[in-house]
Amino acid sequence: MSAFILRRLWQMIPTMLGVVLLVFFLFNFVGGDPAYLLAGKISNKEQIENIRTQLGINQPYYIQLWIFIKQILTGDFGVSWATNEPVSHIIATRIGPSLTVLVPILIIETIVAVLIALAVAYVRGSLTDRAIMVVCTMAMSVSLLVYIIVGQYVLAYKFSWFPVQGWGDSFAENLFKYSALPILLGVAVGLAPNTRLYRTFILDEINQDYVRTARAKGLSEHKVMLKHVLRNALIPIITNLMIYLPSLLIGHFLIERFFSIPGIGREVILAVERSDFPVIKAITVYVAAATMISNLLADLLYKAVDP
């Protein structure tokens with residue numbers, strides 16, 4: 001196992017270098033001249049040259065690339081162009097609020113979706129199964145924006161069950177007060193597509209030969225579903241979760257924006273609006289690294305759950 005992990009970590013190096021080269025190319029050849037963006041419309045040639053010198057973009061490209069690589073290795077991406085705040089501090093302070101909302105969404109959504117998928121697999125082909133699939137299809141057709149607007153108006157404004165917006169300093173207060181409605185809406189949005197997907201995974205396993213053999217041996221349907229079908233169905237479910245995991249950081253930016261949650265997703269939107277390249281580059285690199293780590297974690301989980 002240790003040799004496998006070391007081999008996979010070694011394979012991440014060329015992948016990460018490819019990501020670094022792609023990000024460097026996009027921001028230096030496609031993104032426009034940062035000096036003009038920072039100088040604004042009213043500027044002179046001397047101001048623009050001074051900004052280029054401060055940013056190091058008047059250096060040859062290989063030197064700029066080496067500076068970018070050193071930033072990645074040290075975790076120091078400089079300061080935000082918009083707020084003059086260190087990028088490392090921005091990410092460190094924004095990751096907590098994002099995880100406070102998104103980790104409970106992922107856990108609750110996965111558990112409930114798997115349980116519903118197992119339940120409808122028991123009664124596959126019945127009226128209940130068809131009705132649940134119709135409801136899931138209808139729920140998938142509704143935009144997240146509609147869920148947010150209706151949830152804020154009905155649950156927060158009309159009934160005053162939740163605060164509309166806000167964020168505090170206490171983790172418990174943030175989790176159980178300010179994050180309650182965003183978590184509820186996030187689960188409501190992701191539950192329908194995941195239920196349909198996990199139901200498909202489970203039904204694919206139900207028709208396998210090993211399931212018929214287990215039934216022929218006299219095992220109960222409950223034991224067949226939980227011990228045999230679910231364990232094999234967990235493999236594609238883990239794949240889906242690990243693909244989804246890195247995108248959690250920026251995937252629910254609408255929730256963070258509408259509920260004023262100071263998370264990574266909201267910060268990405270603000271950075272794009274401000275053309276704040278250091279923040280965007282840092283988050284891009286970190287999301288790429290998180291994707292590779294989640295793929296490694298998925299391979300390790302396969303070994304744990306594969307019968």
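Coordinates for the structure precede this section.
This one's a predicted model, so the numbers in the text were calculated from it and none came from an experiment.

Peer 1: Would you take a moment to explain the overall build of the chain for this structure?
Peer 2: Scanning the chain for helices and strands turns up 14 helices and 0 strands. Along the chain, helices and strands appear, N-terminal first, in the series α-α-α-α-α-α-α-α-α-α-α-α-α-α. Residues classed as buried in the chain amount to 38% of the 307 residues present. Of the contacts formed within the chain by residues at least 6 apart in sequence, a portion of 71% connects residues at least 24 apart. Just so you have it, the chain exposes about 17,000 Å², and 66% of that area is on carbon and sulfur atoms.

Peer 1: In this structure, what is going on with helix α9 (residues 180-206)? I would like to understand it.
Peer 2: Residues lying three or four places apart along an α-helix face the same way, a consequence of the helix completing one turn every 3.6 residues. In a regular helix each residue adds 1.5 Å, so 27 residues correspond to 39 Å; α9 covers 36 Å between its end C-alpha atoms and thus fits that length. The largest bend in α9 is about 35°, located at Leu-191, with the proline Pro-193 one to four residues further on.

Peer 1: Explain the environment of Val-279 here, please?
Peer 2: Relative to the elements of secondary structure, Val-279 occurs in helix α14 (residues 277-305). Along the primary structure Val-279 and Val-268 are separated by 11 residues, whereas in three dimensions their C-alpha atoms are 7.6 Å apart. If we skip the residues at most four places from it in the chain, Val-279 touches Ser-80, Val-87, Ile-90, Glu-267 and Ala-271.

Peer 1: Any chance you could explain the side chain of Ser-294 here in plain terms?
Peer 2: Mapped onto the secondary structure, Ser-294 falls in helix α14. Ser-294 sits in the buried class, given a relative accessible area of 4%. Only 3.3 Å separates the side chain of Ser-294 from the backbone oxygen of Met-242, close enough to count as a polar contact.

Peer 1: Is there a simple way to explain the pattern of salt bridges in this structure?
Peer 2: Once their charged atoms are close, side chains differing in charge can pair, the charge on each being opposite to the other. A full pass over the atoms with the stated rule returns 4 salt bridges. A salt bridge links Arg-212 to Asp-209, with the nearest nitrogen and oxygen atoms 2.2 Å apart. Taken together, the positions of Arg-212 and Asp-209, both in helix α10 (residues 209-216) and 3 residues apart, correspond to about one turn of that helix. Sharing partners across several salt bridges, the network here consists of Glu-85, Arg-94 and Glu-267.

Peer 1: Just checking my understanding: could you explain a nonpolar patch on the surface for this structure?
Peer 2: On the surface, Leu-99, Val-103, Ile-107, Ile-108, Ile-111 and Leu-115 cluster together into a nonpolar patch covering about 510 Å² of accessible area. Among the secondary structure elements, Leu-99 is positioned in helix α5 (residues 87-122).

Peer 1: Explanation requested: the packing of aromatic side chains in the structure shown.
Peer 2: Scanning the entire structure with this criterion turns up 4 aromatic pairs. Relative to Tyr-286, the ring of Phe-77 has its centre 5.8 Å away and its plane inclined at 70°; by these criteria the two rings are edge-to-face. With a gap of 209 residues between them, Phe-77 in the loop between α4 (61-74) and α5 and Tyr-286 in helix α14 connect regions that are remote in the sequence. Overall, Phe-77 belongs to the buried group, its relative accessible area being 5%. In this structure, Lys-281 packs its charged tip against the face of Phe-68, placed 5.1 Å from the ring centre.

Peer 1: I tried to follow the side chain of Asp-129 on my own but got confused; where do I start?
Peer 2: Among the structural elements, Asp-129 can be located in helix α6 (residues 127-140). The buried category is assigned to Asp-129, whose relative accessible area is 2%. Beyond its immediate chain neighbours, meaning those up to four positions away, Asp-129 contacts Val-120, Val-123, Arg-124 and Arg-199.

Peer 1: I would appreciate a short explanation of unusual backbone geometry in the present structure.
Peer 2: For residues that are not glycine, phi is negative in most cases, and the peptide bond is trans in most cases. Backbone geometry places Ser-160, a non-glycine residue, at a positive phi of 55°. Relative to the helices and strands, Ser-160 is located in the loop between α7 (144-158) and α8 (171-178). Residue class for Ser-160 comes out exposed when judged on its relative accessible area of 55%.

Peer 1: Even after reading the chapter, I still don't get α4, so can you show me in this structure?
Peer 2: The end-to-end C-alpha distance of α4 is 20 Å, a good match for the 20 Å that 14 residues give at a rise of 1.5 Å each. Regarding α4, the residues found buried are Gln-64, Leu-65 and Phe-68. Along the long axis of α4, the arc covered by the buried residues comes to 100°, so they all point the same way. Exposed residues pointing more than 90 degrees away from the buried face of α4 are listed as Tyr-62, Leu-73 and Thr-74. Backbone geometry just downstream of α4 places Gly-75 in the positive-phi region, at approximately 75°.

Peer 1: Is there a simple way to think about the environment of Val-135 in this case?
Peer 2: Structurally, the position occupied by Val-135 is in helix α6. Look at Val-135 and you get exposed, because its relative accessible area is 52%.

Peer 1: Help me understand the packing of α5 against α14, please; the structure alone is not making it clear to me.
Peer 2: Packed helices, taken two at a time, are described by their axes: the angle between them and the distance between them. Relative to each other, α5 and α14 sit at 55°, their axes nearing to 10 Å. When the axis of α5 is compared with that of α14, the two are oblique. The chirality of how α5 crosses α14 is right-handed. Contacts between α5 and α14 involve Val-87, Ile-90 and Ile-91 on the former and, on the latter, Pro-278, Val-279, Ala-282, Ile-283 and Tyr-286. Here the residues of the contact of α5 with α14 sort into 8 nonpolar, no polar and no charged.

The rules behind the values
- Residues numbered from 1 in each chain as written.
- Predicted model: local features only at pLDDT ≥ 70, side-chain atom pairs only at ≥ 80, totals over all residues.
- Heavy atoms only, no water.
- Helix = DSSP H or I, 4+ residues; strand = E, 2+ residues; numbered from the N terminus.
- Buried < 20%, exposed > 50% of the residue type's maximum accessible area, 1.4 Å probe, protein only.
- Contact = heavy atoms within 4.5 Å.
- Areas by Shrake-Rupley, 256 points an atom, 1.4 Å probe, with all protein chains shown as cover.
- Expected span 1.5 Å × (residues − 1).
- Bend = angle between axes of the 7 residues up to and from the residue.
- Polar contact = N/O pair within 3.5 Å; in protein donor to acceptor, adjacent residues only side chain to side chain.
- Salt bridge = Lys/Arg side-chain N within 4 Å of Asp/Glu carboxyl O.
- Patch = residues over 30% accessible without salt bridge, like charges linked within 9 Å, V, L, I, M, F, W, Y side chains within 5 Å.
- Phe/Tyr/Trp six-rings, centres within 6.5 Å; stacked < 30°, edge-to-face > 60°.
- Lys NZ or Arg CZ within 6 Å of the ring centre and 35° of its normal.
- Arc of directions from axis to C-beta.
- Axes fitted to C-alpha atoms, helices over the stretch in contact; angles between N-to-C directions.
- Parallel < 35°, antiparallel > 145°, perpendicular 65-115°, else oblique.
- Left-handed = near helix turned anticlockwise from the far one by under 90°.
- Nonpolar A, V, L, I, M, F, W, Y, C, P; charged D, E, K, R; others polar.

None of the figures reported here should be taken as evidence of function without further support.
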